[in-house]
Each structure stands twice: as C-alpha cells, then as structure tokens.
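# Coordinate analysis (summary)
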Amino acid sequence: MPRNLTGRFATLLGAVALALPVTLLAGEVSLTGEGSVKYTPDSARLQFTAAAEHESTKKATEAVNEKIAAWNNAVRDYRAQLDDYNDASLTLYTRNLPVSERNEEPEQRAVASQSVSFVIKDLALLNPLIAAAQKLGMEYHLGAHQFFHSDESGLHQQALGRAIADARKRCAFVAGELDKTCGDIKTINVNGGGRPMPMMMAEARSDKSAVSEVGPREIQTSVSATFELD
C-alpha cells in the first residue's frame, strides 16, 4: 500500500473507531447507520369502568346500568368522535365480606361492572371525557402506553429512511478517505423495529382531573449495511 494511503488509512481508523462501527475488507466496507424521528402522540386508547356492589345481584346490575346510561348521555356530543367504541365488557360476581368471628357465616355481596373502551384521535377530547367519568365515579387508568400517533407506520418508515441515508453518508466518508467511491449495497439488515420511546412523562397533570401536556416520544432504528468500494 502506498505510504500516503497507509497514513490516511491509519488516520481514518483513528477517526471512526470512537464513533462508527466500521469493518473494512478488500473492496467493501460494512458499517451501521442510525435514524430517529421525534414526535408527539395525537391519539389515545381509553377505557372507563362503571362498578357497583350490593347485597342484591339485581340492584348491583341496575346501578351499573344507570351509570352507563348516564355516561352515554354525558358523552353524546362526542360519540361520533369515539372510534372503535365497545361497551360489551360485562362482569358479575359475588364476594364474601370479612368476618370478625371464626364460625361466623360470611356475608355475600354482588359486584357488577361494565367497561367502555374506544380510541380518540383528537386529544382535546381527553379532559372532557375524564371529567365526565370522574363525575360518575367511573374507574380508569391513564398511562404512557395508551398514547400513540395516528401515523406511526409512516414515522417508522421515516426513521428507517434516515438510518439508510446515514449509512450511505458514512460509507461516502470512509470511501473518500481511501480515495475511493461508495458503490452498490451488497447486504443490508434492519436492526430491530424502532420501538417508540417516551422522552419524558407521558402526561403532565396540572391537577388530579386534567392532563396538561402529552410528552414527546422518539422512534430510533438502525441498519447494518455492506457497500462495495469502487
């Protein structure tokens, strides 16, 4: 190898060893490209549950039916915007109350519950729906996993495109340092699916009943590629 090329080769290895996973073989180079996309969720999957307990199974069921009817009345103005609406989740069982004496016959209570679940694609609906559920005493849980973007597949593709572009850019840099050009891709592998990662808390609450902000997220992906050096 000519002396000047040997020196540049050594300089190149020193420059990329700290940051770029690179493997050089005769006439080709293997390296990794990385890509990411930052975004804010614009949709949510929600579930609210109406529950009641009574000595009578009939009374417990009636109380739940009344709550569901009141819920439907409270959200009637939003109903057309609640996608994939499902209120078929019904539960009815009995439980024994704790006893104070060993030989005491436990008292039984009937427990009835019914859940409604749906998707909203306008987060401006979130707080009014939470307020309606709280007013009726319905149970719910709000966590980071319930928020998503309506075009996550497109965001994944965008992150992958950036990873491929990054791999090409790194190849061009390596080839240029060796007085060569980056040629065709021989092989390429996508490393993982680019799972969305919260960058901070999913929601910041200004009080117990309101969501003030849905935090940003990031999709990260990488590719391993082998290019020909011309």
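On to the nonpolar core, then. Of all hydrophobic cores here, the largest spans 28 residues; its most connected members are Leu46, Trp71, Phe118, Ile120 and Leu129. Of all the secondary-structure elements, those providing two or more residues to this core are strand E3 (43-54), helix H2 (57-74), strand E5 (108-120), helix H3 (126-135) and strand E11 (210-214). In contact with Leu46, not counting residues within four places along its chain, are Val116, Ser117, Phe118, Ile120, Leu126, Leu129, Leu142 and Gln146. Listed in part, the 12 residues of the second largest apolar core include Cys171, Leu178, Val223 and Phe227.

Attention now moves to the pairing of strand E12 (residues 217-229). When you tally the buried positions in E12, you get 10 out of 13 residues, the bulk of the element. Sheet topology note: the strand E2 (residues 28-39)/E12 ladder contains 12 bridges and is antiparallel. Counterpart to Lys38 in the pairing with E12 is Glu218. With seven bridges connecting them, strand E8 (residues 182-191) and E12 associate as antiparallel partners. Considered in E12, the bridge of Ile188 is made with Ala225.

What counts and what doesn't
Residues numbered from 1 in each chain as written. Predicted model: local features only at pLDDT ≥ 70, side-chain atom pairs only at ≥ 80, totals over all residues. Heavy atoms only, no water. Core = buried A, V, L, I, M, F, W, Y, C linked by side-chain atoms within 4.5 Å. Buried < 20%, exposed > 50% of the residue type's maximum accessible area, 1.4 Å probe, protein only. Helix = DSSP H or I, 4+ residues; strand = E, 2+ residues; numbered from the N terminus. Contact = heavy atoms within 4.5 Å. Pairing = 2+ DSSP bridges.

That's the geometry; what it means functionally is another story.
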